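Here are the chains, one letter per residue:
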Amino acid sequence: MARATPAPAPAPATARARAEARGDAGRRSVAARARRARARAPVGAVVDDATTRARGARGVDGARRTRDARDYWFPVCFSGNLRDKDALVAFDLFNVPWVLFRGRDGEVGCVKDECCHRACPLSLGKVVDGRVQCPYHGWEYETNGECAKMPSCSFLKNVFADELRVIERDGMIFVWAGESDPADFVGPEAACESWDEDVYEANEPGMFTTGEGFVTMAEVIADVKLDSDVVVERLLDITERARREPVSVKNRGRGALFPVDGTRLISKVLRIGYDAVPQSVVFKPSCVIASTIALRPRVGGGDGTSMQVEQLHVCLPAKPGLTRVLFRMAFDFVPEGAQNAAGDVWKNLAMQVLQEELEDVRSAGLKSETTSIAVESFRVFKRGDK
């Protein structure tokens, strides 16, 4: 007699439900890391148990506690940077080196950028059949951190590099940097704290989803030698001041950041006739600023609302005194496909905008009177009274 096939369970309807559906897998991942830590530790050693640390997000009564600075989904890379199957992207987060790559199934893995054998950076190696291969002795690692090949010695089981949980959506790759369970920080009481709802609710637009009618034109990355919270605060301050004091490219001297070439001149010409005026600014912990900019024509009048730009700044806490900034620009006045029709014009435009902003960040004197909902959200976050 044929066995009846059970009906599939309905998909969770909310971010909280989705997170709870993932809960068992997440807890298994945390427990697995704890088992591996105990397996690697000398007999009698005291092990910092990841499972114990994960429980720290909630008290004995199940009530939520204040989240640690690492207990967030951090957008660390644009999906386009991992478009090629053999691509490797190295980055630092909280002074720990990591490397991103795609496995055989196309899923993204994030493992510590350090071989378990002789600590050689894995990012100096290459991707071989969905595994990252160390350039020193050829050890190969799966996306979950497991070492699957050791050509330089007899194979040893249960050797793992540290790994981070990964989610990919909205053209960005997110990693969970904390030891707690991400599900502990999803729900109505947490919605104002982070973009967790945006990350989990894949079928709903979040702050990383471009607005209707907007086309992503450029994604660029730059490093600035300042702490992440300083960069965020100064970017917010600069944006709020720009509401009252628009800064035109005409008012700037020639920078020394780029040599002159044709595409960069075109990018500059595109900006000469407009003043950029911020329309809306949103801060979400721990390091993201989303803003909408109206382009106001310098000649011919108009309020600029017919030409708008969406900007996204991610200010990653890479190392003490070093921030990695991910910057994305989307326009509502260009057709789909235009981003690929002008060579490097849009990328150069975005890089010019970002580098000019970072020059201001490096030299900015913060104005204490500057205030807005976004600025106050950041100040509340920094005080820790979320």
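Here, every reference points to the structure presented above.
Treat the numbers as computed from the prediction; the structure is a model and nothing was measured.

*Asks:* Explain the overall build of the protein chain here, please?
*Replies:* Secondary structure summary: the protein chain contains seven helices and 15 strands in total. Residue burial in the protein chain is summarised as follows: out of 386 residues, 46% are buried. Considering only contacts in the protein chain between residues 6 or more positions apart, those separated by 24 or more positions represent 62%.

*Asks:* What am I meant to see in unusual backbone geometry here?
*Replies:* Most of the time, phi is negative for any residue but glycine, and the peptide bond is trans. Of note, the amide linkage connecting P285 to S286 takes the cis form, showing an omega dihedral of 5°. Structurally, the position occupied by S286 is in the loop between β12 (274-284) and β13 (288-297). Residue N158 is not a glycine yet carries a positive backbone phi of 60°. Along the polypeptide, N158 turns up in the loop between β8 (147-149) and β9 (165-169). Positive phi, close to 55°, is recorded for D170, a residue that is not glycine. With respect to the helices and strands, the residue D170 is situated in the loop between β9 and β10 (172-176).

*Asks:* Hey, could you run me through the sheet that holds β13 in this one?
*Replies:* Hydrogen bonds between backbone groups are what pair the strands of a sheet, and the pairing can be parallel or antiparallel. Spatially, β11-β15-β14-β13-β12 is the arrangement adopted by the five strands of the open sheet, whose pairing is antiparallel. This sheet does not close on itself; its edge strands, each paired only once, are β11 (215-224) and β12. Shown here is a sheet whose adjacent strand axes are inclined to one another by a mean of 20°, direction ignored. Where β11 meets strand β15 (residues 322-331), nine bridges bridge the pair, whose relative direction is antiparallel. Residue pairing across strands places E219 opposite R328, the latter belonging to β15.

*Asks:* Help me understand the nonpolar core, please; the structure alone is not making it clear to me.
*Replies:* General note: in soluble globular proteins, nonpolar side chains tend to be found buried as a group. Ranked by internal contacts, the top residues of the largest apolar core, which has 71 residues, are F74, L100 and L236. It is helix α6 (residues 345-363) that provides the largest number of residues to this core, a total of eight residues. For L236, the residues in contact, after removing those within four places along its chain, are V281, F283, I289, A374, V375 and F378. With 15 residues, the next largest nonpolar core counts V99, F101, W139 and C147 among its residues.

Rules used throughout
- The numbers attached to residues start from 1 for each chain and follow its sequence in the written order.
- In view of the model being predicted, local features appear only for residues whose pLDDT reaches at least 70, and side-chain atom pairs are presented and counted only at 80 or more, with totals across whole chains, interfaces and linings using the full set of residues.
- Based on all heavy atoms of the structure, the side-chain values leave hydrogens and waters out of the count.
- Comment: elements are numbered from the N terminus, with helices defined as DSSP H or I runs of at least four residues and strands as E runs of at least two.
- Categorising residues by exposure relies on relative accessible area from a 1.4 Å probe, with only protein chains included: less than 20% of the type maximum marks a residue as buried, more than 50% marks it as exposed, and the intermediate range marks it as partly exposed.
- Should any heavy atoms of two residues lie within 4.5 Å, those residues are considered in contact.
- Whether two strands pair depends on DSSP finding at least two bridges between them.
- Note on method: axes are straight lines fitted to C-alpha atoms, helices fitted across the in-contact stretch only, with angles between N-to-C directions ranging 0 to 180 degrees.
- Throughout, nonpolar core names a set of buried Ala, Val, Leu, Ile, Met, Phe, Trp, Tyr and Cys residues whose side chains join them through atoms within 4.5 Å.

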